[in-house]
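# A closer look at the structure
This is what each chain is made of:
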Amino acid sequence: MFAQGQEKGQQLTLKDCYELARQRNALVKQAERSLQAREYSLQAENRAYWPKVDLLAGYNYLGKPLEINLQQVKDGVVNGSAAQSVNTANTVFQQITGQPLPQNVQDVISNATKGLINAFYPNYNPQLAKQSYFVAGIGVRQPIYLGGKISAAQDLARSQVTAGQFNKQVVEKGLFFLIGAQYLRIMYLNTILAHEAVIVDAFRKNKDYAASLKDNQILPPYLLNWAKVSYIQATNRYSNLELEKENALLEMNQLLGRPIDTLITISDTLRYEQASVNAGEENTFWRNNPSYRLLESKTDLAKVAVKATRSLSLPNLFAVGNVSLYQKDLPVTVPPWLIGVELQWTLFDGFQRNKRTKASRVLVEEAAMAAENTRSSLELQLRVASNKVKALQHDVASLDSARQQAHLTTTLVTDRMQNQLSSVKDVNDALLLEEEMHKVYYTAVLGYYLALAEYWNVVGTPEYFATYVNN
């Protein structure tokens, strides 16, 4: 509703621009999608302790059917059966007579048994199953102990979410700074256009006055031509400023994430108001800067990576189970269900885990160094921005006096011309000087506000600039 209301060309404040950019800018939307993806990853890692239930099915085709190799065990079967027959007959005879069977009788029984078994023993290997089979079942795998791998993965995903949040803040803060600078540019153009309209009107009046003097044969024609040229140049400068403002509004629409031809109204003008900044009071300002916090989160992320690589050397323990749903032409009959415990422990991986641990430790040191470098850079930027603000305060004060003096000079020269004490060219020169001094003054004011915007951007609160500008 807010965005639709602004589509009607209502007056936009800098806070309104921030809100529109937060809703529509492509970079902000991209950062939000990245954060959303990381949040989903964290939710996925939080469910790692849940059991995994899989449908297991497979079709297998063997090179040849499974067979029972009877020929390989034939001698053992024949000899074993013959020996068993002889032993049985000897035991029975010994219980009846008290004497063992004669050896020749034992040999006869053994040879007869061997002959009988050889006669009926198959001379081929019978097939045990068909050449293909199909099985299906439900498999369950429940983690019991993974050596901290799940908690490390959760910490890693949580750190990614934190980094995504800071990344979104970095994108927003950078965008807010650009919008603030563009808003200042439009305010500057509004201010210059308002004064330029007065200057153009003054050149027109001077031209008309010169024409009346020329008609009365008081002024030479070349001075009237000079006044006409000055007036035309002033109108051209005004038209060019209007085109520059149109371009600035188009660029503002792009920053806001709207079609570039969308009607936008910004009528604020620059009004100098001194702000107090003191870099010495911001002792730990960098902790609030999203750029530093993003690098700090990368340090935490690297520490979690060290924990994760260490956990790879610990064993994994799972509870497993399976329920058989379907069997067709399976060589053996599988029980309808089974449960058990599975241990997985990588004992040797070519020192891969050791190298990964060292790499993650180096990344921790690298992230910490990057954070420290960013902190030093932010401290330097804050001090430089504070000095810029103070220097531009002095420039604005001195240029304000020059601007007022130029306006006073124009007024006096105009009055003298009306009393025929100065020429039309003198008035033109005074107007040009006043126009130039006005631009120089507000250029310094623009630089002052940009330095303030840079100061608050370094502090980490660029949105505070809107409160100051729209007061």
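Residues numbered from 1 in each chain as written. Predicted model: local features only at pLDDT ≥ 70, side-chain atom pairs only at ≥ 80, totals over all residues. Heavy atoms only, no water.

- Where an unreviewed UniProt entry is consulted, the protein appears under the name TolC family protein, with the organism given as Chitinophaga varians.
- What UniProt records for the protein under Subcellular location (unreviewed entry) is the sentence "Cell outer membrane". (UniProt positions renumbered as here; feature names shortened; annotations may be inferred.)

### Some thoughts on the overall build of the protein
- Scanning the protein from N- to C-terminus turns up 11 helices and 4 strands.
- Over its C-alpha trace the protein gives a radius of gyration of 47 Å, far above what one expects of a compact globule, namely 23 Å for 471 residues.
- Projected onto its principal axes, the C-alpha coordinates of the protein cover approximately 170 × 45 × 35 Å.
- In the protein, which comprises 471 residues, the proportion classed as buried is 35%. (Helix = DSSP H or I, 4+ residues; strand = E, 2+ residues; numbered from the N terminus. Rg over C-alpha atoms; globule rule 2.2 N^0.38 Å. Buried < 20%, exposed > 50% of the residue type's maximum accessible area, 1.4 Å probe, protein only.)

### Topic: helix 3 (residues 26-45)
- The first and last C-alpha atoms of helix 3 sit 29 Å apart over 20 residues, in line with the 28 Å expected at 1.5 Å per residue.
- For helix 3, the full list of buried residues reads V28, A31, L35 and L42. Angular distribution of buried residues about the axis of helix 3 spans 65°; they occupy a single face of the element. Residues of helix 3 that are exposed and point over 90 degrees away from its buried face: A26, Q30, R33 and Y40.
- Of the surrounding elements, those touching the buried residues of helix 3 are helix 2 (14-24) and helix 6 (149-215).
- You can read the cap of helix 3 off the contacts: a side-chain oxygen lies 2.9 Å from the backbone nitrogen of L27, and it is on N25. (Expected span 1.5 Å × (residues − 1). Arc of directions from axis to C-beta. Contact = heavy atoms within 4.5 Å. Polar contact = N/O pair within 3.5 Å; in protein donor to acceptor, adjacent residues only side chain to side chain.)

### Notes on the nonpolar core
- Core analysis: the largest hydrophobic core is formed by 61 residues, its most contacted members being I179, L452 and F465.
- For this core, the secondary-structure elements that each account for two or more residues are helix 2, helix 6, helix 7 (221-256), helix 8 (290-311), helix 9 (352-418), helix 10 (424-459) and helix 11 (464-469).
- Apart from the residues within four sequence positions on either side, F465 is in contact with L14, Y18, G180, L184, Y449, L452, A453 and W456.
- Core analysis: the next-biggest nonpolar cluster, separate from the first, contains 13 residues, I199, V413, A430 and L431 among them. (Core = buried A, V, L, I, M, F, W, Y, C linked by side-chain atoms within 4.5 Å.)

### Overview of the packing of helix 8 against helix 9
- Two elements in contact, helix 8 and helix 9, have axes separated by 8 Å at closest approach and are oriented at 170°. When the interaxial angle is binned, helix 8 and helix 9 end up roughly antiparallel.
- For the contact of helix 8 with helix 9, the class distribution of residues is 12 nonpolar, 5 polar and 6 charged. (Axes fitted to C-alpha atoms, helices over the stretch in contact; angles between N-to-C directions. Parallel < 35°, antiparallel > 145°, perpendicular 65-115°, else oblique. Nonpolar A, V, L, I, M, F, W, Y, C, P; charged D, E, K, R; others polar.)

### What about a nonpolar patch on the surface?
- On the surface, a nonpolar cluster with roughly 1,100 Å² of combined accessible area is contributed by L55, Y59, Y61, F134, V323, L325, Y326, W337 and I339.
- Contributing elements (two or more residues each) for the nonpolar patch: strand 1 (52-61), strand 3 (316-328) and strand 4 (337-344).
- Residue position: V323 is located in strand 3. (Patch = residues over 30% accessible without salt bridge, like charges linked within 9 Å, V, L, I, M, F, W, Y side chains within 5 Å. Areas by Shrake-Rupley, 256 points an atom, 1.4 Å probe, with all protein chains shown as cover. Salt bridge = Lys/Arg side-chain N within 4 Å of Asp/Glu carboxyl O.)

### Topic: the packing of aromatic side chains
- In this structure the tally under the stated criterion is 6 aromatic pairs.
- Judged by centre distance (4.8 Å) and plane angle (80°), the rings of Y441 and Y442 are edge-to-face. An identical accessibility class is assigned to Y441 and Y442; each is buried.
- Put simply, the rings of Y272, Y448 and Y449 pair up and form one aromatic cluster.
- Taking the ring centre of W50 as reference, the NZ or CZ of R47 above it sits at 5.9 Å.
- Over the aromatic face of F318 sits the side chain of R141, whose NZ or CZ is 3.7 Å from the ring centroid. (Phe/Tyr/Trp six-rings, centres within 6.5 Å; stacked < 30°, edge-to-face > 60°. Lys NZ or Arg CZ within 6 Å of the ring centre and 35° of its normal.)

### Observations concerning the UniProt feature "coiled-coil region" (unreviewed entry) in the protein
- Per the UniProt record, "coiled-coil region" (unreviewed entry) is annotated on residues 231-258 and 368-395.
- Helix makes up 93% of residues 231-258 and strand makes up 0%, while its end C-alpha atoms are separated by 38 Å.
- The straight-line gap between the two end C-alpha atoms of residues 368-395 is 41 Å; of that span, 100% is helix and 0% is strand.

### Focus on the sheet that holds strand 3
- An order of 1-2-3-4 is seen for the 4 strands of this open sheet, with the pairing classed as antiparallel. Edge strands, defined here as strands with exactly one partner in the open sheet, are strand 1 and strand 4. Between one strand and the next, the sheet's axes are offset by a mean angle of 30°, whatever the strand orientation.
- In terms of strand pairing, strand 2 (residues 132-145) meets strand 3 through 11 bridges, oriented antiparallel. Within strand 3, the residue paired with R141 across the bridge is V320. (Pairing = 2+ DSSP bridges.)

### Examining the packing of helix 2 against helix 6
- One way to put it is that helix 2 packs onto helix 6 with a least axis distance of 10 Å and a crossing angle of 140°. Taken together, helix 2 and helix 6 sit at an angle that is classed as oblique. Classified by chirality, the crossing of helix 6 by helix 2 is right-handed. Across from L14, C17, Y18, A21 and R22 in helix 2, the residues of helix 6 making contact are E172, L175, F176, I179, G180 and Y183.
- When the residues that make up the contact of helix 2 with helix 6 are grouped by side-chain class, the tally is 8 nonpolar, 1 polar and 2 charged. (Left-handed = near helix turned anticlockwise from the far one by under 90°.)

### Observations concerning the side chain of E434
- Position of E434 relative to the elements: it lies in helix 10.
- At 7.9 Å, R403 is the nearest oppositely charged side chain to E434, a buried residue that forms no salt bridge. (Lys, Arg positive; Asp, Glu negative; His and termini not counted.)

### Some points on the pattern of salt bridges
- Evaluation of the coordinates by the stated rule reveals 18 salt bridges.
- E372 is the partner of R375 in a salt bridge, and the nearest nitrogen-oxygen pair spans 2.4 Å. Of this pair, R375 and E372 both sit in helix 9, 3 residues apart, which is roughly one turn of the helix.
- Ionic contacts of the salt-bridge type, sharing partners, join the residues D201, R204, K205, K207 and D208 into one network.

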